[in-house]
Amino acid sequence: MKNKIIKSLSVILVFAMVLTTVNMMTAKVQAKQNKKIAILYFSGTGTTRGAARRIKNKTKGRMIEIKAADPYTDDDLDYGDSNSRVTKEHESASTPAESTVRPEISNLNAIKKAVKSADIVYIGYPIWWGEAPHIVYNLVENVNLSGKTVVPFCTSISSGVGDSSDNLKANAKISSQTKWLDGRNFYSIPSQKTVNKWINGLMD
Ligand SMILES: Cc1cc2nc3c(=O)[nH]c(=O)nc-3n(C[C@H](O)[C@H](O)[C@H](O)COP(=O)(O)O)c2cc1C
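Given the structure is predicted, the values throughout are model-derived calculations rather than measurements.

Q: Any details on the pairing of strand β4 (residues 149–155)? Residues and values, ideally.
A: When you tally the buried positions in β4, you get six out of seven residues, the bulk of the element. In terms of handedness, the path from strand β3 (residues 120–126) via helix α5 (residues 134–142) over to β4 forms a crossover that is right-handed. Pairing geometry for β4 and strand β5 (residues 179–180), over two bridges, is parallel. Across the sheet, residue Thr 149 finds its bridge partner in β5, namely Lys 179. The pairing of β4 with strand β6 (residues 184–185) spans two bridges and is classified as parallel. In the strand pairing of β6, Cys 154 is matched with Asn 185.

Rendered as structure tokens:
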């Protein structure tokens, strides 16, 4: 009799353990499936692209470049030249937010479509004169980020995120449901380990 009870209890216990494991696995898969991720980035010389790649490796999200309809050449990016394209953009107003310069994005519709079905939107950019480039303003002003979790990231030589993320947010198409996380500057292309640790911390 005693043996029978022990046997029955063991069967119930094993069954409960299997059920718990299956439930946990299902929850994990669902959590993964339910979070659609878009990784948008603008990059002049490839550093921010490198950071975006690491984010893609970790999240398996969809990586989409913010493409200038008129791509930036090396001469365009020469910020030591008072006549270069970036200098003219910079000098068009005291801040990019106040400027009317909004370089056209050739793949804006594809970006809008990808963002529409995403839950989490990473937005990456290089720091230009302490701010996000004007083209990234074009992005946040025209792509609906209502209800999304927005994760800004950037690269630079030495400047921090500064107000770049807050200033983008102030101009962005967002709603009260939008969760705009703190921006992260990687300075150069980060190691995979650095990015993994950062993203694990974000999802806690
Ligand atoms: C127009 C322009 C302005 C820049 N301004 C800054 C700056 O204010 N502070 C800084 O640390 N780096 C500045 N940089 C350097 C870039 O932020 C840095 O090289 C960045 O990693 C480039 O990223 P990308 O390769 O994705 O374009 C500037 C670069 C350019 C082209």
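Q: Which residues make up the site of the ligand, and what values go with them?
A: Around the ligand lies a shell of 20 residues, among which Ser 43, Gly 44, Thr 47, Thr 48 and Pro 126 are the nearest. In terms of residue count, the dominant contributor to the shell around the ligand is helix α2 (residues 47–59) (three residues). Looking at the shell around the ligand residue by residue, the classes come out as eight nonpolar, 11 polar and one charged.

Q: Describe the environment of Lys 193, naming the residues involved and giving the relevant values.
A: Positionally, Lys 193 belongs in helix α7 (residues 192–202). It is 9.5 Å that separates the C-alpha atoms of Lys 193 and Lys 58, two residues lying 135 residues apart in sequence.

Q: Explain the nonpolar core to me, using residue names and the numbers behind them.
A: If you look at the biggest cluster of nonpolar residues, it comprises 38 residues, and the most contacted ones within it are Leu 40, Ile 66, Val 121, Tyr 122 and Val 136. Going through the elements one at a time, β1 (37–41), α2, α4 (108–116), β3, α5 and β4 are the ones with two or more residues in this core. Beyond its immediate stretch of four places on either side in the chain, Val 121 contacts Ala 38, Leu 40, Val 115, Leu 145, Lys 148 and Val 150.

Q: Before we move on, can you summarise the confidence of the model for the protein chain with the specific residues and values?
A: Chain-level statistics for the protein chain give a pLDDT mean of 90 and a share of 83% at 70 or above. Residue range residues 22–32 is modelled with pLDDT below 50. Its contacts to residues more than four positions away, or to other chains, number zero contacts.

Q: Can you explain α2? Please cite residues and give values.
A: Along its 13 residues, α2 runs 19 Å from first to last C-alpha, staying within 8% of the 18 Å computed at 1.5 Å per residue. In this fold, the buried residues of α2 make contact with β1, β2 (62–65), β3, β4 and α7. Looking one or two places after α2, you find Lys 60, whose phi comes out positive at around 60°.

Reading the values: rules and limits
Residues numbered from 1 in each chain as written. Predicted model: local features only at pLDDT ≥ 70, side-chain atom pairs only at ≥ 80, totals over all residues. Buried ≥ 20, exposed ≤ 12 C-beta atoms within 10 Å, placed from the backbone. Helix = DSSP H or I, 4+ residues; strand = E, 2+ residues; numbered from the N terminus. Right-handed = clockwise from strand over helix to strand, strands pointing away. Pairing = 2+ DSSP bridges. Near = placed C-beta within 6 Å. Nonpolar A, V, L, I, M, F, W, Y, C, P; charged D, E, K, R; others polar. Core = buried A, V, L, I, M, F, W, Y, C linked by C-beta atoms within 7 Å. Contact = placed C-beta atoms within 7 Å. pLDDT = per-residue confidence, 0-100. Expected span 1.5 Å × (residues − 1).

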